[in-house]
Amino acid sequence: MPSTRLDLDRIRAARGIIDPVFLDTPLYQCDALGRELGCTVSIKLETANPVRSFKARGTELVARLLADRGETEAVCASAGNLGQALGWSGRRRGVRVTVVASRMAPAIKLDRIRASGAELEVVDGDFESARERAAHLARLRGIRLVEDSLDVETCEGAATIGLELADSAAPFDAVLIALGGGAMATGVGFVLKSLSPDVEVICVQPAGAPAMTRSWHQRRVVTTGPTDTIADGVAGRYPIPAVLDDLIAVADDAVLVREASIVTGMRMLLECAGLVVEPSAALGVAAVLEDRDRFAGRHIATVICGSNVDMDAYRSWVQV
């Protein structure tokens, strides 16, 4: 079992805390997509829930912890999906949530944060500007700052996806995971390396937001300048050292993909699987498109992590 901040017993126990609506999401073989990619492809559909992303698996644990401690307020920075999920989980458990987001975030994600019951503050700049503002509000108000990936609950919540993949009747050769801050990659990777160590764990990030991938390869934190990608959900610039250490322990590879491949992946998921997804969710397909020989004839699983996408932008990308 890899040495990380995560704990397999806590991850198993998390299934009893997370609302079942977020658990046991569909996992199925998509033959049409497999024919296009030249390999067997299974889809883990993390968008079939009230917040349309995997993030609530982690926020359910965070909100439960806050409620158990009698804490009634929290703040987070979000590119969109975490804020919506924390708002949803906080409302159910009596925790008032403030979300700080960049003005550059898709309007639909901002609207859904508001609809979740969270208070939304929008700031100029990118996600890192939002993170700085959220930290300031936490200090100012004396409340809990929820930090995606740094808070181990966000990783262990996401890790329950790994339990479901490991329990699959059909063994996988590789699992492709979108890489941003690292919660899903470290969580799923930890479980797979603990329970199915022969499965190759491959993290995928846009070339226009490469900080965590570069850090993984260089085995040290590498920060970058402004990001340039449509995959806003994974567009961080400052990797968290503790999360990077976990990722190094569980990932077999980390790759970068081009924007054109992300768009093609989104189009293929629509045409072959009938799925409208946000760019981050197409990263696994993009990785296969860019290295077909590596995956030819193998059975891969890809996690469809989110579908909160602006439809006007989506139509312009996939041209439908």
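Just above, that's the structure.
Basis of the calculations
Residues numbered from 1 in each chain as written. Predicted model: local features only at pLDDT ≥ 70, side-chain atom pairs only at ≥ 80, totals over all residues. Heavy atoms only, no water. Helix = DSSP H or I, 4+ residues; strand = E, 2+ residues; numbered from the N terminus. Buried < 20%, exposed > 50% of the residue type's maximum accessible area, 1.4 Å probe, protein only. Polar contact = N/O pair within 3.5 Å; in protein donor to acceptor, adjacent residues only side chain to side chain. Contact = heavy atoms within 4.5 Å. Axes fitted to C-alpha atoms, helices over the stretch in contact; angles between N-to-C directions. Parallel < 35°, antiparallel > 145°, perpendicular 65-115°, else oblique. Left-handed = near helix turned anticlockwise from the far one by under 90°. Nonpolar A, V, L, I, M, F, W, Y, C, P; charged D, E, K, R; others polar. Pairing = 2+ DSSP bridges. Salt bridge = Lys/Arg side-chain N within 4 Å of Asp/Glu carboxyl O.

(A) Broad picture of the side chain of glutamate 200. Along the chain, the position of glutamate 200 falls in strand 8 (residues 200–206). The exposure class assigned to glutamate 200 is buried, which follows from its relative accessible area of 19%. Looking at glutamate 200, its side chain comes within polar contact range of the side chain of arginine 294, at 2.7 Å. Among all residues touching glutamate 200, those that are not within four sequence positions of it are Asp173, Ala174, Val175, Lys193, Asp252, Arg294 and Arg298.

(B) The packing of helix 9 (residues 211–218) against helix 10 (residues 241–250), seen in detail. It is the contact of helix 9 with helix 10, at a shortest axis distance of 10 Å, that shows an interaxial angle of 60°. Taken together, helix 9 and helix 10 sit at an angle that is classed as oblique. The way helix 9 lies across helix 10 gives a crossing that is right-handed. Taken together, the residues of helix 10 that come into contact with helix 9 (itself represented by Met212, Ser215 and Trp216) are Val243, Leu244, Leu247 and Ile248. Looking at the contact of helix 9 with helix 10, its residues break down into six nonpolar, one polar and no charged.

(C) Structural detail: the sheet that holds strand 4 (residues 96–102). Read from one edge to the other, the open sheet built from four strands follows the order 5-4-3-6, with strand pairing classed as parallel. Among the strands making up the open sheet, the edge pair consists of strand 5 (119–123) and strand 6 (144–146). Between one strand axis and the next, the sheet turns by 25° as a mean value, whatever way the strands run. As paired strands, strand 4 and strand 5 are joined by five bridges and run parallel to one another. Pairing of threonine 98 across the sheet is with glutamate 119, part of strand 5. Those strands touched by helix 4 (residues 81–92) are strand 3 (73–78), strand 4 and strand 6, and its axis lies near 160° from that of strand 3.

(D) Expanded view of the environment of serine 280. Position of serine 280 among the secondary structure elements: in the loop between helix 11 (259–273) and helix 12 (283–290). Between the C-alpha atom of serine 280 and that of leucine 179, which follows or precedes it by 101 residues, the distance is 8.5 Å. Discounting chain neighbours no more than four positions away, the residues touching serine 280 are Ala178, Ala231, Gly233, Val234 and Cys305.

(E) Region of the structure containing the sheet that holds strand 1 (residues 27–29). Sheet architecture is open: six strands sit in the order 1-2-10-7-8-9, paired in mixed fashion. Edge positions in the sheet fall to strand 1 and strand 9 (253–257), since each has one partner strand and no second. Taken pair by pair, the neighbouring strands of this sheet meet at an average axis angle of 25°, ignoring direction. Relative to strand 9, strand 8 runs parallel, the two being bridged by five bridges. Across the sheet, residue valine 204 finds its bridge partner in strand 9, namely valine 255. Its contacts with the sheet place helix 7 (residues 152–166) against strand 1, strand 2 (40–45), strand 7 (174–178) and strand 10 (299–304), and it is angled at close to 140° to strand 2.

(F) Structural detail: the pattern of salt bridges. In the structure shown here, the tally under the stated rule is 30 salt bridges. Of the charged contacts, one joins aspartate 126 and arginine 237 as a salt bridge, the two residues approaching to 2.7 Å between their closest N and O atoms. Taken together, the residues aspartate 126 in the loop between strand 5 and helix 6 (127–141) and arginine 237 in the loop between helix 9 and helix 10 connect sequence positions 111 residues apart. The same class applies to aspartate 126 and to arginine 237, which are both buried.

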